[in-house]
Structures are given as structure tokens and as C-alpha cells.
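Listed below, chain by chain, are the residues.
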Amino acid sequence: MTAGLESPRRRQLLAAAGSLTVVFTIGPAWAQDETPMNKGKLPGSLEKEPWLDAWIRIDADNRITVFTGKAELGQGIKTALLQVAAEELLVAPGRITLVTADTARTPNEGYTAGSHSMQDSGTALRHAAAQVRQILGELAAKRFGIGAPAVTVRDGVFQAPDGRRASYGELLAGQQLHLRCNPAIPVRGPEGHTVSGKPLQRIDIPAKVTGGPAYVQDLRLPNMVHGRVVRPPTPGARLLDVDTAAVARLPGVLKVVRDGRFLAVIADGEYRAVKAAAALARAARWDTPATLPADTRPAPMVRAWPAKPYPILERGVPGSAGRTLAAMYSKPFQLHASIGPSCAVAELVNGQYTVWTHSQGVYPLRDALSELLGTYKATIRCIHTEGSGCYGHNAADDVAADAALLARAFPGRPVRVQWMREDENGWEPFGPAMLTSARATLDGSGKIVDWQYDVWSPPHNTRPGKAGNLLAATHLDKPFKPDTPTPSPQPEGSGDRNAIPYYVLPNARVVHQFQDTIPLRSSALRSLGAYCNVFSIESFMDELAHAANVDPVAFRLRNLADPRAIDVVRAAARKFGWDSYKKTPRRGRGFAFARYKNLAAFCAIALEVEVARETGMVRITRAVAAVDCGEVVNPDGVRNQIEGGIVQSTSWTLLERIRFDERQILTRDWAQYPILRFNQVPERLEVEIIDRPGQPFLGTGEASQGPTGAAIANAIADACGLRLRDLPLDRARLRAGR
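Residues numbered from 1 in each chain as written. Predicted model: local features only at pLDDT ≥ 70, side-chain atom pairs only at ≥ 80, totals over all residues. Heavy atoms only, no water.

*Asks:* Summarise the pairing of strand 15 (residues 352-357); cite the residues concerned and give the values.
*Replies:* For a regular strand, side chains alternate in direction, first toward one face of the sheet and then toward the other. With five of its six residues buried, strand 15 lies for the most part within the structure. Bridge analysis of strand 14 (residues 343-349) against strand 15 gives six bridges, and the strand direction is antiparallel. By the bridge assignment, V345 is partnered in strand 15 with W356. Between strand 14 and strand 15, which pair antiparallel and follow one another directly, the connecting turn spans two residues, one of which, N350, has a positive phi of 55 degrees. In this sheet, strand 16 (residues 380-384) lies alongside strand 15 in parallel orientation, the contact comprising five bridges. Directly across from W356, in strand 16, lies its bridge partner I383. Of the crossover connections in this fold, the one passing from strand 15 over helix 9 (residues 362-373) to the parallel strand 16 is right-handed. (Buried < 20%, exposed > 50% of the residue type's maximum accessible area, 1.4 Å probe, protein only. Helix = DSSP H or I, 4+ residues; strand = E, 2+ residues; numbered from the N terminus. Pairing = 2+ DSSP bridges. Right-handed = clockwise from strand over helix to strand, strands pointing away.)

Structure below.
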């Protein structure tokens, strides 16, 4: 049975094995603490799933299993969460099995998005594990007949002063634990940490670098068949006719599926499925009207779409006297550009669906599939299996829907659906094009006394949860209509994420011009609107600094108040050698800062570029980042995330742009949509971590994208005097000087 957490069938009695498990019909073995704190808001994801046994299980043989609703997306979260649990349970990380994002086994933590994994799941696991450790200690003390302080513990085994021993599993044998977490129980202080805060090799890396099975793309199940979907040639295409008979007779073809505009083949081998899909595409006749904008330049295109204004900050009285500057910035549609195209496997056996997916939200996907398939959620199990690329809402959910539809059409055998590169580039939800307008006034001392900012943006969050947000659902004979998108509320926001500067602004107005109807499907790309907003704000901060004749770092410090923000700015400048920098021909330096979402990690970046105007080439010779993400669990993991963000943002900033004409997407391969190559990454890349032991975890995975883009633009301006405000800052733009 594959019922979700809300079903009692998910929580079966394992008392005979001596497990932390869930029992609804039998009361807990210990009285539930009813302190006022326990009745209040719980930390992290415990607020949604407060029961200890939803997070941790200990079997009679002392095996420990930890559950998280968050998914490993390449960010190293498996390793960090293991460290958190191991630290509080006082066992070696290798002793723990971690189960991630499975609707039949793990808590429902929604999406793995917004750099929330450590804040939500890490915090929940820390408190749950601390309480489990305390319960076990009390059991050990009771068994030994001594006071709890006299009991010692090492790697899952308690010991009395006289040598008597009892393992975690032995202590729980026959017990039934179903306790609500009590956050009043103290977690281990950072001064005593032996696992958390230390570098630990990532557990997901070995298979990835040795060619082992690591991804859903590698999954091969017994008796598996292969599906391929034939997409319309253009977004607005209408299917006129298709001859399926000849395709059905091709070698290895098991079934041809047609439902409205949804066309697919199922074959006994992958290459046979590819050949059959190509034949099916040739057999289809389409009407292809022009439905895309004629003017594809981001700024006029975005400005032309209807917008609904949502003021998100109104402070003071605008119109202060002084020197006023204004500028506009733009960002094009961009791809997630995952190296491996999306893939999923699904099967329907005895009325039960199982879907192996690299979706960022297995529970919301299950909800959408339930509506799409017209079946109860309890009949669908979604199991997260890593995918070779993600970076937000790419095609992972769409290909899962494809696989589920084909499993329904061909029950009894697993159906693997692998998208091709042209599918991914042409049909994934794109990172939205955006336009921003900044206007600020400086007083006589060079301080910002007035700030006006508008951001025009299509939707950044059309993730599934409803069937209409799945591509295949919109192509069926009875199509599902996509939800009408709405802006996400502040402080996190979506298109307006980081649109409110983190600086002291006595008079300010910020407006999100939300555009809910556009001709291209758009959704979350890593950092959502923060990349464009930070690029715009931090580019403008440099322009203001130059207008005030103040050093760019000093100008930022002059307008910052948060001591932690000031610390990261100073740390990045110091490590880069900002004050002692000597400018040389063709080279320039740039600086940028942001606190991601104004509530997560602080990040400042200083870098140097070399610019060849005659060729348009930009080379980053050195990049330095300083980051404060609260308490650090795995410093290597933090560095990996900041470094990866810098590299990805460099690619966005210098290269990436979707191109299309009035009918179709043109950037269907790597030649038309280039991404950063190894020989283009920064020559030197350094990350300084400001650790804050005992402070809350702050999300890190999306902290460096915005500052990187702005720092590059600022460095180009310093190197050659060219202020570029429209992304990407590619070779053509550098050569043209605009």
C-alpha cells in the first residue's frame, strides 16, 4: 500500500521490532509533555509534521533510519542532514540510512526550493533527534537504575559506570513511541559538536564520478518498456490529423497513444521508441499559427504585457531634494539548461501507480497526478530519484506526467520516458524575462535619501499541485487549464524576490508589476526574481557610488545597518584586497552584495575581469565571495554551493538567452543555447565562510547568483567604461557597446 502520511496505513505497528513508529490506536509509552512551548509553534518542518516517528526510526538491531521530505538535487543536502541527525543522536553518520522525499515513507515538506532545506528539514531533524536522544537516555538510566547524568553513550550504545550496556534498539524493544516533538528539549551546543560543522565527503558523489547508477536516467527496472512523446511543433499548434497505423506496425512498437494533442509511442527498446516517435512526428499534420511576440527584445516585450501593480514597500515621503539618477535593466527568458534531459519511470500495477521522479516536490506532484489520472492520491506513490540537473521547476514534473499517462495506457510494466534535448529546451517552463526601473536621489553627503523601484515580471512559480500545471495535461483532448498564477507574498516573494534593497532607505517605494498572462510558460529558475533584482539594484548602487564620487564598497557600507551584512562586505573586500587593488589595462574590479530574500544567507562578491572589446570576450581572472549562512553544518557543502552559484550565474550573465520567432523556440540545442565551458570559469575562486555557531541555519544554495551578475557588470564598467544594463552581457553586446 502506498498511502501518504495522512493515511493510517502509512503508520503500521512495528513494536515487535522495537522501532520508533507511529500508532494511532495505542497511546504512547511516555506521557506527552504539555509545556506551553510544546503547545506553541514548532521549529522548521515540525510545524507541519510534529511526530518524532515521522522523522526517525530505530530498529531492534540498532539500525537507524532518518526521513526527510526534502530531495537531493545536487546541493549536498543528504550529507548535511545526516550530519545534523548524527550529531544529535551521537552516532557516526555511516550508521544512519537517510530516506528522502517519498510519499509513502517521508514527511510532506512540500518543495525542495528556495534554499529552505536546512532551515526547514535540518531544523526539524535537529530537534527531533535531540528529543529521541533524551528519551533513550532516560530509558537507559531507568534500566540501569541510576541517574541519567551517570550514563554515557557512544555510537548508539549507552553504558553504566559498572560496564552494563544497552543499545538504542534494545532500549526500544517492545516500546511504542508516538510523541509530538517538544522544542524545549535542548539541542547539543556547538562547542561539543564532533560531526556537525566539520567537512564530510558527500555521500552522493562517488557514483556520479565513477559512472555508477546515480540518477533516474540510470534506473532500469525488470520488464521495463520505453516511451517517447511527440510534441506539437509550436506552442500554439493544432493537430489536424495523424496516421498511427504504420507506426504501430514498426518493429518493437507495443502501443501508439493519442489523446488530443498528446501523441506518444511505447516500445520494447529505447532506440525503437526513438525511431517510432520520429515516424509518428512525420505522420502528423499540424496547423501552426503565430502566437509568440514579434519583438523578442526583453525590455519592450515585457513592458508591452499587461501588468497588475502590487506595492510591496512604501516608506516615508518620496521626492527628497538632491541629485537624482535613473536607469532600467532587463533579463531575457532563460533555460534551466540541465545537462541531462528530464526522465521518469512509472508503472501501474493492481490499481497502484508508482512514479520515480526527480521532481522537487513529490507530494505536490502526487496531487497533480491524482487530478490528471482521475484517481485517489492514496493510489499514487511518488519516489524522488535524483536527476542529472534541476535548478528549479524544469521538465521533471512534466516527464513524470508523461510516464504516468503511458503507464495508464500500458499497465503491468514499468514505462520509462526520457526527453530529448530538443524537448527540454523547447518545452520546459522557462525562467521569466524581466524588466526593472530604478530611480534614486542622493543628498549632499552622498547618502540615498529617496528610492523608487519597479519590477515587471511574469510568473516565477507555476509548479504543479494542480494538473493544469503539467504540460501533457494541457495537450489532452479534454485539457486541464493551468492555474491563474498569483504573486508569492513577501518577504520571500517571486518576481519581486530581493526587490526591496537591504540598505537603509528613509524614503522608498517598491512596486511589483505582476504579469499573469504571457504567451510562453514560465516558472521557477534558481533564485527566482532575486537574480535580476540584485543584478539591477547592485548595478545601480555602483552607478550611485560613482555619481557620489565614493568607493563602491564604502558607499555600500555607508548605507548598510545590519552588522552581519557589514561583516560579509568587509570580509569579501579584505580577502580580495580591495583597498590595495592596482588597476591595469583591460582589467577592472566589481563588487556586489545581497542577503538572499532579505532573510537567508548574506553574500558579498568581489571579482576582477579582463575585457577584450574587439572580440567581446570577458574573462574572470579572480572571484572572492564571503558568506554568512548562520551555523555551518558542512563547510565544504557551503563552499560548493557558493562556487556553483558563481559559475552558474556567470553563464547566465555572459551567455544565456532563449531565442524564438513568432511561432517557435529556436534555441533547441547547445549550439543555439551555449552555456559556460570549463575554460571560461573563473581562474581563481575563493570562498570565505563566516560561521555563526548556535545561530539558525540560513539557506545558501541561491545566495551568490544575484551578486555575481552585478559584480561582473560592475567590473566590466570599471575595466572599459561600458555600463551594460541588459542581460546577457554577451560578446555581441560588448562589441556593440550597448
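*Asks:* Before we move on, could you go through the sheet that holds strand 10 (residues 262-267) and cite the residues and values that matter?
*Replies:* Read from one edge of the open sheet, seven strands run 9-10-7-17-14-15-16, paired in mixed fashion. Edge positions in the sheet fall to strand 9 (253-259) and strand 16, since each has one partner strand and no second. Here the average twist between neighbouring strands, direction ignored, is 20 degrees. Where strand 14 meets strand 17 (residues 415-418), four bridges bridge the pair, whose relative direction is antiparallel. The partner of A344 across the bridge, within strand 17, is V417. Running over the sheet, helix 7 (residues 270-283) touches strand 7 (225-230), strand 9, strand 10 and strand 17 and is turned about 25 degrees from strand 7. The strands touched by helix 9 are strand 15 and strand 16; relative to strand 16, the strand with the most contacts, the crossing angle is about 145 degrees. (Axes fitted to C-alpha atoms, helices over the stretch in contact; angles between N-to-C directions. Contact = heavy atoms within 4.5 Å.)

*Asks:* Tell me about the sheet that holds strand 6 (residues 165-167), and please be specific about residues and values.
*Replies:* The strand order 4-5-6 describes an open sheet built from three strands, whose pairing is antiparallel. Each having just a single partner strand, strand 4 (152-154) and strand 6 make up the two edges of the open sheet. On average, adjacent strands in this sheet sit at an angle of 25 degrees to one another, irrespective of strand direction. Here strand 5 (residues 157-159) runs beside strand 6; their pairing, made up of three bridges, is antiparallel. The residue of strand 6 that forms the bridge with V157 is S167. Docked against the sheet, helix 3 (residues 117-144) engages strand 5 and strand 6, running at close to 40 degrees with respect to strand 5.

*Asks:* A description of the packing of helix 15 (residues 635-654) against helix 16 (residues 705-720) should follow, citing residues and the corresponding values.
*Replies:* Taken N-terminus to C-terminus, the directions of helix 15 and helix 16 make an angle of 50 degrees; their axes are 8 Å apart at the nearest point. Relative to helix 16, the element helix 15 lies oblique. Handedness of the helix 15/helix 16 crossing: right-handed. Across the interface between the two elements, G645, I646, Q648, S649, T650, W652, T653 and L654 from helix 15 touch Q705, T708, G709 and I712 from helix 16. (Parallel < 35°, antiparallel > 145°, perpendicular 65-115°, else oblique. Left-handed = near helix turned anticlockwise from the far one by under 90°.)

*Asks:* Give a description of the pattern of salt bridges that names residues and reports values.
*Replies:* Per the stated rule, a full pass over the model turns up 44 salt bridges. Note that E270 is salt-bridged to R416, the shortest N-O span being 3.0 Å. A residue pair is termed long-range when its members are at least 10 positions apart, and E270 in helix 7 and R416 in strand 17 qualify at 146 residues. We classify R416 as buried; its relative accessible area is 2%. Residues R692 and D628 are paired through a salt bridge, measuring 3.0 Å at the closest nitrogen-oxygen approach. On the criterion of sequence distance, the pair formed by R692 in the loop between strand 24 (685-689) and helix 16 and D628 in strand 23 (residues 617-628) is long-range, its members being 64 residues apart. Connected through salt bridges with shared partners, the residues K78, R202, D204, K208 and E386 form a single ionic network. (Salt bridge = Lys/Arg side-chain N within 4 Å of Asp/Glu carboxyl O.)

*Asks:* Lay out the packing of aromatic side chains in plain terms, naming residues and giving numbers.
*Replies:* Evaluation of the coordinates by the stated rule reveals 15 aromatic pairs. Their ring planes at 55 degrees and their centres at 6.1 Å tell us that W305 and F333 sit as a pair that is tilted. Separated by 28 residues along the polypeptide, W305 in the loop between helix 8 (298-304) and strand 12 (308-315) and F333 in the loop between strand 13 (323-331) and strand 14 bring together distant segments of the chain. Using a relative accessible area of 12% as the deciding quantity, one classes W305 as buried. Ring centres of F333 and F660 lie 6.3 Å apart, and the angle between their planes is 70 degrees; this geometry places the pair in the edge-to-face category. Taken together, the residues F333 in the loop between strand 13 and strand 14 and F660 in the loop between helix 15 and strand 24 connect sequence positions 327 residues apart. Through successive ring pairs, a cluster of aromatic residues spans W305, F333, F430 and F660. A cation over an aromatic ring shows up here: R589 above the ring of W578, its NZ or CZ 3.9 Å from the ring centre. (Phe/Tyr/Trp six-rings, centres within 6.5 Å; stacked < 30°, edge-to-face > 60°. Lys NZ or Arg CZ within 6 Å of the ring centre and 35° of its normal.)

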